[in-house]
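Structural overview
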There are 2 protein chains.
Amino acid sequence: MAQTLLGKEVTAALNERIKADVEKLKVAGVNPTLGIIRVGERGDDISYERGAMKRCDTLGVAVKQYLLPADVTQEQLIATIEEVNKDDSIHGVLMFRPLPKHLDEEAACQALDPEKDVDGITDGSMVGVFTGQKKGFPPCTPQACMEILDHYGIDCTGKKAVVIGRSLVVGKPAAMMLIKKNATVTVCHTKTVDMPAVCREADILIVAAGRAGVVDKPYFAPGQVVIDVGINVNAEGKLCGDVKFEDAEPIVGAITPVPGGVGSVTTSVLVGHVVEAAMRRQGL
Amino acid sequence: MAQTLLGKEVTAALNERIKADVEKLKVAGVNPTLGIIRVGERGDDISYERGAMKRCDTLGVAVKQYLLPADVTQEQLIATIEEVNKDDSIHGVLMFRPLPKHLDEEAACQALDPEKDVDGITDGSMVGVFTGQKKGFPPCTPQACMEILDHYGIDCTGKKAVVIGRSLVVGKPAAMMLIKKNATVTVCHTKTVDMPAVCREADILIVAAGRAGVVDKPYFAPGQVVIDVGINVNAEGKLCGDVKFEDAEPIVGAITPVPGGVGSVTTSVLVGHVVEAAMRRQGL
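Cut-off values and rules
Residues numbered from 1 in each chain as written. Chains lettered and ligands numbered in written order. Predicted model: local features only at pLDDT ≥ 70, side-chain atom pairs only at ≥ 80, totals over all residues. Heavy atoms only, no water. Least-squares fit on C-alpha atoms with pLDDT ≥ 70 in both. Contact = heavy atoms within 4.5 Å. Pairing = 2+ DSSP bridges. Helix = DSSP H or I, 4+ residues; strand = E, 2+ residues; numbered from the N terminus. Axes fitted to C-alpha atoms, helices over the stretch in contact; angles between N-to-C directions. Buried < 20%, exposed > 50% of the residue type's maximum accessible area, 1.4 Å probe, protein only. Salt bridge = Lys/Arg side-chain N within 4 Å of Asp/Glu carboxyl O. Domains from an automatic or database assignment. Patch = residues over 30% accessible without salt bridge, like charges linked within 9 Å, V, L, I, M, F, W, Y side chains within 5 Å. Areas by Shrake-Rupley, 256 points an atom, 1.4 Å probe, with all protein chains shown as cover. Buried area = accessible area lost by both parts, 1.4 Å probe. Polar contact = N/O pair within 3.5 Å; in protein donor to acceptor, adjacent residues only side chain to side chain. Nonpolar A, V, L, I, M, F, W, Y, C, P; charged D, E, K, R; others polar.

Quick notes on the relation of the copies chain A and chain B
Of the transformation superimposing chain A on chain B, the axial component is 0.0 Å and the angular component is 180°, with the fit at an RMSD of 0.0 Å. Within this description, the copies of the chain are treated as partners about a two-fold rotation axis. Relative to the rotation axis, the C-alpha of Thr186 of chain A is the closest in chain A, positioned 2.0 Å from it. A share of 100% of the interface residues of chain A reappears at the interface of chain B, consistent with the copies meeting face to face through the same patch.

Let's talk about the sheet that holds strand E2 (residues 33-39) of chain A
Residues and elements named next belong to chain A. Spatial strand order, E3-E2-E4: three strands in an open sheet with parallel pairing. The open sheet has two edge strands with one neighbour each: strand E3 (62-68) and strand E4 (92-95). Put simply, the sheet's adjacent strands are angled 20° from each other on average, direction ignored. Pairing geometry for E2 and E4, over four bridges, is parallel. Looking at E4, one finds that Ile36 is bridged to Leu94. Most of the contacts of helix H2 (residues 43-59) go to E2, to which it runs at about 170°, and overall it touches E2, E3 and E4.

With respect to unusual backbone geometry
Note that the residue after Arg97 of chain A, namely Pro98 of chain A, is joined by a cis bond; omega there is 0°. Residue position: Pro98 of chain A is located in the loop between E4 and helix H4 (105-111). A cis amide bond links Val258 of chain A to the next residue, Pro259 of chain A, at an omega of 0°. Tracing the chain through its elements places Pro259 of chain A in the loop between strand E11 (254-255) and helix H10 (262-282). The phi torsion at Asp194 of chain A lies on the positive side, around 50°, for a residue other than glycine. Unlike most non-glycine residues, Asn182 of chain B shows phi in positive territory, near 70°. Of note, Asn182 of chain B is situated in the loop between helix H7 (171-180) and strand E6 (184-188). Overall, the relative accessible area of 18% leaves Asn182 of chain B in the buried class.

A closer look at the pattern of salt bridges
Residues and elements named next belong to chain A. Applying the stated criterion across every chain, the model contains 28 salt bridges over all chains. The salt bridge involving Lys134 is made with Glu276; its shortest N-O contact spans 3.4 Å. In this pair, Lys134 sits in the loop between helix H5 (123-131) and helix H6 (140-151) while Glu276 sits in helix H10, placing the two residues 142 residues apart along the sequence. Residue Lys134 is classed as exposed on the basis of its relative accessible area of 69%. Between Lys181 and Asp150 there is a salt bridge whose closest N-O contact spans 2.5 Å. You can see Lys181 sitting in the loop between helix H7 (171-180) and strand E6 (184-188) and its partner Asp150 sitting in helix H6, a full 31 residues away along the chain. Salt bridges linked by common partners bring Arg38, Glu41 and Glu49 together as one network.

Observations regarding the domain arrangement of chain A
Where interface size is quoted, it is often the accessible area lost as the parts come together. In terms of domain boundaries, chain A breaks down into domain 1 (28-116) and domain 2 (140-263). A straight line from the C-alpha centre of domain 1 of chain A to that of domain 2 of chain A covers 29 Å.

Quick notes on a nonpolar patch on the surface
A cluster of nonpolar side chains, namely Ile231, Val233 and Leu239 of chain A, defines an oily patch on the protein surface of about 290 Å² accessible area. With a relative accessible area of 54%, Ile231 of chain A lands in the exposed category.

Some details on the sheet that holds E11 of chain A
Strand pairs in the sheet, formed through backbone hydrogen bonds, run parallel or antiparallel to each other. The mixed open sheet is built from twelve strands, whose spatial order is E1(A)-E11(A)-E8(A)-E7(A)-E5(A)-E6(A)-E6(B)-E5(B)-E7(B)-E8(B)-E11(B)-E1(B). Two strands bound the open sheet, and with one partner strand each, they are strand E1 (3-4) of chain A together with strand E1 (3-4) of chain B. Direction of pairing for strand E7 (residues 204-207) of chain B relative to strand E8 (residues 225-228) of chain B: parallel, over a ladder of four bridges. When the bridges of E8 of chain B are listed, Ile204 of chain B appears paired with Val225 of chain B. This element, H7 of chain B, spans E6 of chain A together with strand E5 (160-164), E6 and E7 of chain B of the sheet and lies at about 170° to E5 of chain B.

Description of the interface of chain A and chain B
Each partner contributes residues to the interface: chain A has 32 residues there, and chain B has 32 residues. At the boundary of chain A with chain B, total buried surface from both sides reaches about 2,700 Å², with 63% on carbon and sulfur atoms. On the chain A side of the interface with chain B, the three residues burying the most area are Phe130, Lys172 and Ile179 of chain A, jointly 24% of the side's total. Our count for the contact surface shared by chain A and chain B stands at four salt bridges. Its salt-bridge partner being Glu106 of chain B, residue Lys135 of chain A comes within 2.8 Å of it at the nearest N-O pair. In this assembly, chain A and chain B are joined by 17 residue pairs in polar contact (both at pLDDT 80 or more). Among the secondary structure elements, those contributing two or more residues to the side of chain A that touches chain B are H4, H5, H7 and E6 of chain A. Counting residues per element, the side of chain A that touches chain B draws most heavily on H5 of chain A, at six residues. Per-class residue counts for the side of chain A that touches chain B are 14 nonpolar, eleven polar and seven charged.

Quick look at the structure:
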C-alpha cells in the first residue's frame, strides 16, 4: 500500500511561503502581478487560466489579461509582448501555447523578457535549467515535481532517478533538476529498449510519457517514488495519468495521484515564480 | 582484444569534409578565419593554441591572435571581445579559459557573439545543445566524442549510454547529444552510488571523470564502446586518460586511446566549427 503524495499538501506549504513573500513585497509598496497572454479561446487554456487567476487571487497576486483573437497577426502579438515587457507593473508573464499555427511561436517566446519568463519558455530560462544557475525560471511542471519531492523529504542524493520523456517542457528540465539534486539520472523515451526493465531500477520515477496509463505493472519495483506528470482523459471521460495507478499502488512506496498530484501544484509554482520575479527586481 | 578507435582516422575523414567546405568558401571569396583570445601565457593554452594554429594552416583557415597580458583589466578584455565581434573577417573565436581570477569569466563569455562562439561557451550555444537546435555551437570535446561514434558507425538508437561527469564542458552536453541520437542516457557523477555497477550496464560509456585511471576493471562489460575524455599526466610524466586502458582493453569491444583519441579530434572539430560559422554567414 503506497503512500499517496498529495498535491494539496505541497501546495498548502508552498502557498504559506508565497504569502509571506507577498507580504514583504506589499510592505515595500510592490503589488506582484501576473500578465496572461492568451491567443484564441481554447478550452484547455481557459480552464488553466481560471485556475491560475483564482490562485493568484487567494495569494494576493494581481492579474492583467491580454486576450488576442485567434487570427491575431505576428506583429500584433509581438507588439503585445513588448508592451508587457516594458510595463513595470507586471512581474511575470504566462503565454499560452501552442499558439495558432500561422504564428511563429519560437519568435514569440524569444520576444519575452527572460526576467518575466515565469514558465521557462525563453532561451534565458533554458540556460538557467541547463547550467543550474538562477537565470529566468524553470518550466512550472518539472518544478512542481521537485516541490513534491522536497515537501515529502525525499532526498535525491545518490538515488537512481529515471525520467520518461525528453521534451523541453518536462523531461529534459526534470533530468537537469534531478542531476542538480545529486541523483544519478537516466532519461528514457520512445526509442528506449525494454523501458520497464530500466524503470524497475529507479528509486525515483518521473513519468511524462504523454499517453494514458501506458506505464503499468512491469515498470514498478517495491519502494519506488512515482511522480506522474500525465494528464489525460480516459474512455469514461475521467482525468487520469500516464501511470496505471491501480498497478503501481500495491507495489511502489509512494505515488502522486491524478488528479490531485503534480497538476495541482503547478499553478502555485507559477504564482510563486511571479512573486520571486518581483522579489528579484526589488533585490529582496 | 578491443578495437582501438583511433582519433587520427576520425580526424582524417573530418579534415576532408572541412577542406571541401573551405574550397566552397574560397570560391565565394570568403577566407574563413579563427580569432584566438588568450590572456597570459599558460603552458596548456599555448600548447593547445599551437595545435589549433597548425591544424588551421593545414586546412586553409586563417588565424588572428589577440594576446593580452595576464593582468589585463575586465574593460580591456571586453573591448577586445567587442572588437572581434564587430570584425567581419573573423568567423569563429576561441577564448582560453579559465581566465585569471581577477576577471569576470561569465561576463566575458556572454560578451561573445554566439554566432562566433565555436567552443560552446555562450548562453546561445548552450540553448542549442539543450534543445537540440542549431544555435551557436556545442563545446568541441563532446562533439569530438560524437564524431568518433559517427565515424565508426556506432548507432546510438536504443543503446544504453552512460556519461561519467556532469560538467558544462563535457558531461551535460554529451548527455544531451546522446539523447538526440536516441540513446537511453544515464548521467553519473561524484554522488553516484556503486558507479561501477551503473557503468557495466552501458553499451556506450563516455568517461569525463577528470582523474587519471579512476575508471578500472569493475566498470567494464564485454562489447562496450568506451570513449575516454580524460587527459592527465601520470607519475611517470606520461599522458593518460581517466580510464585504466590495460583493464578495459581485454574486456570491452572498442576503446579510444589517450593520447590519440578524443583529444586529437577536438582541434579539427574546432576548425570545422569556424568553417561552419563562415558557411552559415554566407548562407551556404
